[in-house]
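Chain residues, written in single-letter form:
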Amino acid sequence: MMPEMIYLDNAATSWPKPDCVSEAMTDAIRRCGGNPGRGGHRLALAAGELLYEVRERTAEFFGADDPFRVSFTSNITMAVNLVLNGFLNPGDHVLVSPMEHNAVMRPLTAMGISYDILPGDRNGKVLLSEIQRKIRENTRLIIICHESNVSGIVQPIRKIGQIARENNIFLLTDCAQSAGHIPIHINTDNIDFLCFTGHKGLFGPTGTGGVVFGDRVDIGRIRPLVRGGTGSLSESFDQPDFLPDRFESGTQNICGLAGLNAGLKWIEDQGQEKLTQRCRMLMDQLRSGLELVPGIHLYSGEGQVLSITIDGLDNGTAAAELEERWGIMTRIGLHCAPLAHKTLGTFPNGTIRFAVSPFTTQKDIEICTEGCKTLAEESWKKK
Amino acid sequence: MEKEMILLVHTSGHAFNIEKALKKRGIQCRLTPIPRKVSSDCGICVRFDPQNLQAVESFVQTLPFEIQGIISEDEA
Ligand SMILES: Cc1ncc(COP(=O)(O)O)c(C=O)c1O
């Protein structure tokens, strides 16, 4: 018999979602069935209103004053691509944290943009004192993965942003993991391009995400990644230069955004602080359960995800055993972040990753800890 | 009933934004489909009472985006 499911792959995508999320999505399909921003009939209006509501809620969530400085994309990968392609020019230089995801590294590489990796400590936390030294005359952007999707290490973005500002450089934060876990305020945190994905800590469905543009960003100088119909200025072949249409061509994902709206509202209603505290408590439990086990190596920070490796056991076998014997769903390997694994010394084999959500229980963590301990012992005995 | 004023926007999100902001300032308004003869493809506009024209005009000055214009129903 298969054991009960224990989902600890929330860093890949959160599950379960609060019930209000699927309810909102069903409601959107039924009630907001028109095309937002195209036409004035009731169904189009209902869809447009919903789209505006989620834009406003997202802006508020990240502390942005102007809801139109939120551009929705299909995920953070698209958001990062929008910024890198739209903002950078040949000859620009970029600084990245030592924990970046391929959502950043691949576009940079493909674009032929020269970059340097900011020095970090052994956990990959950026050393603030080293930043200035790395800045060149043509450095235009610093890119920071706010919360690592491998170890959960959290970067001091506000201080990095401060240094960026002093040097007239822009800051892009990859908030894929941190959004919903850590309060983020675009202005206070000195962010220029706040990229987020909807389907992780914000409890929206897959296919949602976006970028919030800080006040320093001159929108007119950011080239759109996609151009096309916007329901505005249709007489012209030129892309509108105003927001949100400049970056939102094509019909938006109304059903998905209805889910994201509900996810954000759920976080507000529950209180982000309370949710975070619960997750921190679970992470502390997991960490202290794994910390002193012989044969287990722990890679962790202050976030809601951590990684381990088990001596003498390959990660694939470990994951299969964890699921078959204890029902634990996890993700192994490089987590699309080879740079982070190189930084942690876990490249190329990667790690076994666990990520909690407010729906995780203490019992789940107990079972997970027990499972890992058992595997480590069995592996040790085999030696 | 007196003829209404019609505020035309470039993109529908602006209409929702303006409707909300006007109501917050106690200025009655409503969203409707655009008048037949007007061309604006986002499809919706904000209607309000002419007695609030000045208030709406000065509010529009404070927006971080441009509107398409304000016309009276007669012109539409
Ligand atoms: C740090 C980080 N950046 C980017 C991504 C990509 O997210 P998405 O697949 O939603 O674009 C993820 C998640 O996979 C991530 O953890």
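Rules used in this analysis
Residues numbered from 1 in each chain as written. Chains lettered and ligands numbered in written order. Predicted model: local features only at pLDDT ≥ 70, side-chain atom pairs only at ≥ 80, totals over all residues. Heavy atoms only, no water. Helix = DSSP H or I, 4+ residues; strand = E, 2+ residues; numbered from the N terminus. Rg over C-alpha atoms; globule rule 2.2 N^0.38 Å. Buried < 20%, exposed > 50% of the residue type's maximum accessible area, 1.4 Å probe, protein only. Contact = heavy atoms within 4.5 Å. Near = heavy atom within 4 Å. Polar contact = N/O pair within 3.5 Å; in protein donor to acceptor, adjacent residues only side chain to side chain. Areas by Shrake-Rupley, 256 points an atom, 1.4 Å probe, with all protein chains shown as cover. 1 Å grid on protein atoms, 1.4 Å probe; cavity = no way out; pocket = protein on both sides within 12 Å on 5 of 7 lines; lining within 4 Å. Sits in = over half its atoms within 2 Å of the grid points. Nonpolar A, V, L, I, M, F, W, Y, C, P; charged D, E, K, R; others polar. Domains from an automatic or database assignment. Buried area = accessible area lost by both parts, 1.4 Å probe. Salt bridge = Lys/Arg side-chain N within 4 Å of Asp/Glu carboxyl O. Points joined across faces, edges and corners; volume = space filled by probe spheres on them.

(A) Summary view of the overall build of chain B. Assigned secondary structure in chain B consists of two helices and four strands. Listing each helix as α and each strand as β along chain B from the N terminus yields β-α-β-β-α-β. Rg of the C-alpha trace for chain B: 11 Å, near the compact-globule value of 11 Å for 76 residues, within the 12% margin. Oriented by its inertia axes, the alpha-carbon framework of chain B measures out at about 30 × 30 × 15 Å. Counting every position in chain B, which comprises 76 residues, the buried fraction comes to 57%. The contacts of chain B with a sequence gap of at least 6 include a subset with a gap of at least 24, amounting to 68%.

(B) Highlighting the site of the ligand. Residues and elements named next belong to chain A. In the vicinity of the ligand there are 13 residues, among which Thr-77, Asp-174, Thr-197, His-199 and Lys-200 approach most closely. A distance of 2.7 Å separates an oxygen atom of the ligand from a polar side-chain atom of Gln-177. A distance of 2.7 Å is found between an oxygen atom of the ligand and a side-chain nitrogen or oxygen belonging to Thr-197. Protein burial of the ligand: of its 390 Å² of free accessible surface, 89% is covered by the chains. Cavity membership is defined here by more than half of the atoms lying within 2 Å of grid points; on that basis the ligand lies in the second largest pocket. By residue class, the composition of the shell around the ligand is four nonpolar, seven polar and two charged.

(C) Quick peek at the domain arrangement of chain A. All names here are of chain A. We note that the domain assignment places domain 1 (6-16 + 271-381) and domain 2 (19-270) within chain A. On a C-alpha basis, the centroid separation for the pair domain 1 and domain 2 is 28 Å. The contact between domain 1 and domain 2 buries some 2,600 Å² in all, and 54% of this surface belongs to carbon and sulfur atoms. With a shortest N-O distance of 2.8 Å, Glu-302 and Lys-125 are connected by a salt bridge. Viewed at the interface, domain 2 and domain 1 are joined by 23 residue pairs in polar contact (both at pLDDT 80 or more). Those elements that place two or more of their residues in the side of domain 1 that touches domain 2 are helix H8 (272-291), strand S9 (296-300), strand S10 (305-310), helix H10 (338-344) and strand S13 (351-355). Each residue belonging to the side of domain 1 that touches domain 2 can be placed in one class, and the counts come to 15 nonpolar, 15 polar and four charged.

(D) Structural detail: the interface of chain B and chain A. Each side of the interface is counted separately: chain B has 15 residues, and chain A has 20 residues. Taken together, both faces of the contact between chain B and chain A bury some 1,400 Å²; the carbon and sulfur share is 60%. On the chain B side of the contact with chain A, His10(B), Phe16(B) and Asp41(B) bury the most area, a combined 36% of that side's loss. Where chain B packs against chain A, one counts one salt bridge. When the shortest N-O distance is used, the salt bridge between Glu56(A) and Lys20(B) registers 2.3 Å. The interface formed by chain B and chain A contains four residue pairs in polar contact (both at pLDDT 80 or more). Sorting elements by how many residues they give to the side of chain B that touches chain A places helix H1 (residues 12-24) of chain B first, with six residues.

(E) Expanded view of empty space enclosed by the protein. With the rule as written, the count across this model stands at four cavities of 30 Å³ or more. Approximately 160 Å³ is the volume found for the largest cavity. Breaking the lining of the largest cavity down by element, the ones donating at least two residues are helix H2 (42-61) of chain A together with H1 of chain B. Across the lining of the largest cavity, the residue classes break down as four nonpolar, eight polar and four charged. Roughly 100 Å³ of internal volume is contained in the second largest cavity. No other element matches H8(A), which puts three residues into the lining of the second largest cavity. In terms of residue class, the lining of the second largest cavity is built from six nonpolar, eight polar and one charged. Lining the lining of the second largest cavity are residues from two domains, each supplying at least three of them: domain 1 (6-16 + 271-381) and domain 2 (19-270) of chain A.

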